[in-house]
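Residue-level structure breakdown
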Amino acid sequence: DSQPALSRGLRGVADKDRGLCTEMVYGTLRRQRALDRWVAASCGRRLVGVDAGALIALRLGAYQLAEMPRIPAFAVVDATTEAFKIAGKPHRGAVGFVHAVLRKLAVRAEAGDRPDNDDLPPWMARRVEEMAADLGLDPQALGAAFCAAAPSHGQVLAPLAEVQAIATRLRADGVWLRDLGVPGAFEADGALATRHPDMGRRFVLQDAASAAVVRWLDPQPGWQVLALAAGRGIKSALLAALGAQVTAADVSGDKLAQATQLAQAVGAPLLRWLAADATQPLPLPAGSF
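Only a predicted model underlies this, so the values are computations on that prediction, with no experimental measurement involved. (Residues numbered from 1 in each chain as written. Predicted model: local features only at pLDDT ≥ 70, side-chain atom pairs only at ≥ 80, totals over all residues. Heavy atoms only, no water.)

1. Digging into the pairing of strand S7 (residues 272–275)
Bridge count between strand S6 (residues 245–250) and S7: 4 bridges; the pairing is parallel. Looking at the pairing, Ala248 lines up with Trp273 of S7. Taking the sense of rotation as the criterion, the β-α-β connection linking S6, helix H13 (residues 253–266) and S7 turns out right-handed. (Pairing = 2+ DSSP bridges. Helix = DSSP H or I, 4+ residues; strand = E, 2+ residues; numbered from the N terminus. Right-handed = clockwise from strand over helix to strand, strands pointing away.)

2. Section: the layout of surface pockets
Here the idea is plain: a probe the size of a water molecule rolls over the atoms and shows the empty space left. A volume near 590 Å³ is recorded for the second largest pocket. For the second largest pocket, the lining is made up of 23 residues, of which Met24, Val25, Leu60, Gln64 and Ala83 are closest to its centre. Broken down by secondary-structure element, the contributors of at least two residues to the lining of the second largest pocket are helix H1 (2–9), helix H2 (15–30), helix H4 (52–67) and helix H5 (73–88). Ranked by residue count, the leading element in the lining of the second largest pocket is H5, at 8 residues. The residue makeup of the lining of the second largest pocket, split by class, is 17 nonpolar, 6 polar and no charged. (1 Å grid on protein atoms, 1.4 Å probe; cavity = no way out; pocket = protein on both sides within 12 Å on 5 of 7 lines; lining within 4 Å. Points joined across faces, edges and corners; volume = space filled by probe spheres on them. Nonpolar A, V, L, I, M, F, W, Y, C, P; charged D, E, K, R; others polar.)

3. Observations concerning the pairing of strand S2 (residues 176–179)
Inspection of the sheet shows S2 paired to strand S3 (residues 185–188) by 3 bridges, in the antiparallel sense. Each bridged residue has a counterpart across the sheet, and for Asp179 the counterpart in S3 is Phe186. Hairpin connection of S2 to S3: 5 residues between the antiparallel strands, including Gly184 at a positive phi of 80°.

4. Description of the sheet that holds S7
Note: strands within a sheet are paired through backbone hydrogen bonds, in either parallel or antiparallel orientation. The strand order across the open sheet built from 3 strands is S5-S6-S7, with neighbouring strands paired in parallel fashion. Only two strands of the sheet have a single partner each, and these edge strands are strand S5 (224–227) and S7. In this sheet, adjacent strand axes meet at a mean angle of 15° when their direction is disregarded. Sitting on the sheet, helix H12 (residues 234–241) touches S5 and S6, and the angle it makes with S6 is about 170°. (Axes fitted to C-alpha atoms, helices over the stretch in contact; angles between N-to-C directions. Contact = heavy atoms within 4.5 Å.)

5. Re the pattern of salt bridges
Scanning all chains against the criterion turns up 14 salt bridges. In this structure, Glu82 engages Lys85 in a salt bridge whose closest nitrogen and oxygen atoms are separated by 3.0 Å. Note that Glu82 and Lys85 are positioned in helix H5 at a spacing of 3 residues, about one turn of the helix. Classification of Glu82 as partly exposed rests on a relative accessible area of 39%. According to the relative accessible area criterion, Lys85 is partly exposed, its value standing at 38%. We note a salt bridge from Arg201 to Asp198, for which the minimum N-O separation is 2.7 Å. Arg201 sits in the partly exposed class, given a relative accessible area of 38%. Of the residues examined, Asp198 reaches a relative accessible area of 5% and is grouped as buried. (Salt bridge = Lys/Arg side-chain N within 4 Å of Asp/Glu carboxyl O. Buried < 20%, exposed > 50% of the residue type's maximum accessible area, 1.4 Å probe, protein only.)

6. Some words on the sheet that holds S2
Taken in spatial order, the 4 strands make up an open sheet running S2-S3-S1-S4, and their pairing is antiparallel. In this open sheet, the two strands that pair with only one neighbour each are S2 and strand S4 (203–205). Direction aside, the axes of adjacent strands within the sheet are offset by 35° on average. Bridge count for strand S1 (residues 152–156) against S4 is 3 bridges, and the pairing is antiparallel. Residue pairing for S4: Val156 is matched across the bridge by Phe203.

7. Quick look at the packing of aromatic side chains
Per the counting criterion, the structure on display carries 2 aromatic pairs. Measuring from centroid to centroid gives 4.1 Å for Trp176 and Phe186, while their planes differ by 15°, and the two rings are stacked. With Trp176 in strand S2 and Phe186 in strand S3, this residue pair connects regions lying 10 residues apart in the sequence. Looking at Trp176, the relative accessible area reads 6%, which means it is buried. Among the aromatic side chains, those forming a connected cluster through ring pairs are Trp176, Phe186 and Phe203. Its guanidinium or amino end placed over the ring of Trp176, Arg171 lies 4.9 Å from that ring's centre, counting from NZ or CZ. (Phe/Tyr/Trp six-rings, centres within 6.5 Å; stacked < 30°, edge-to-face > 60°. Lys NZ or Arg CZ within 6 Å of the ring centre and 35° of its normal.)

Pasting the structure below:
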């Protein structure tokens, strides 16, 4: 699972760099098939026998060169090569190989030669075509949507009466790009959002569909609510911010710790949390919620 792996990798990373790291990781995973073809064309032996660590470094560097033009190419080549030295402890030949291939890719990217847009595995491409036919949609457009980076959505962690004031500030700071169809939800500038002082206190990055669950539930102050599979606790924190008394349950103690921290940062602590498997009977009184 990429999310917990990335969370572990971001420990100790400065807040200002977290958004960049997240984009690089998820972007590289999303575009891996196309990136591999692009990289292979600059390798004399294609990708046959390329060390796994070297291939990861090449993918990360290739993604930056192809998709993140605001980063100078020379910085991508040098930083990726240095990171490969530190993380992989490779032999000298592997370091030279990575550096040489990245330099070739930088030249190609500058000339407009970039990865193709064929990111979907064949089995998924077939399913997308079937889905498009069922829904009466353009299969090429639907396939492109599946391959595109998802927009960043934000959610205000506050009652509706407080949303407008928070939204005004976030608009002024360039974080709030446009309203979405869910109260308190907005399309966000992800890079600015991750560095904003209110991130994780007054708002979080969360898909609007998830935020809608809580807003449509419309919890009233004093409601006793059990949040099963609470995960990192974004919905739990919003429930608590709206006045509910929330018990959060999840099989992951690490995620529950994050949920507890988020609710405290929002100023609406959870009533309790429970590390448990909800497919089994829970140690809670019947009719408690």
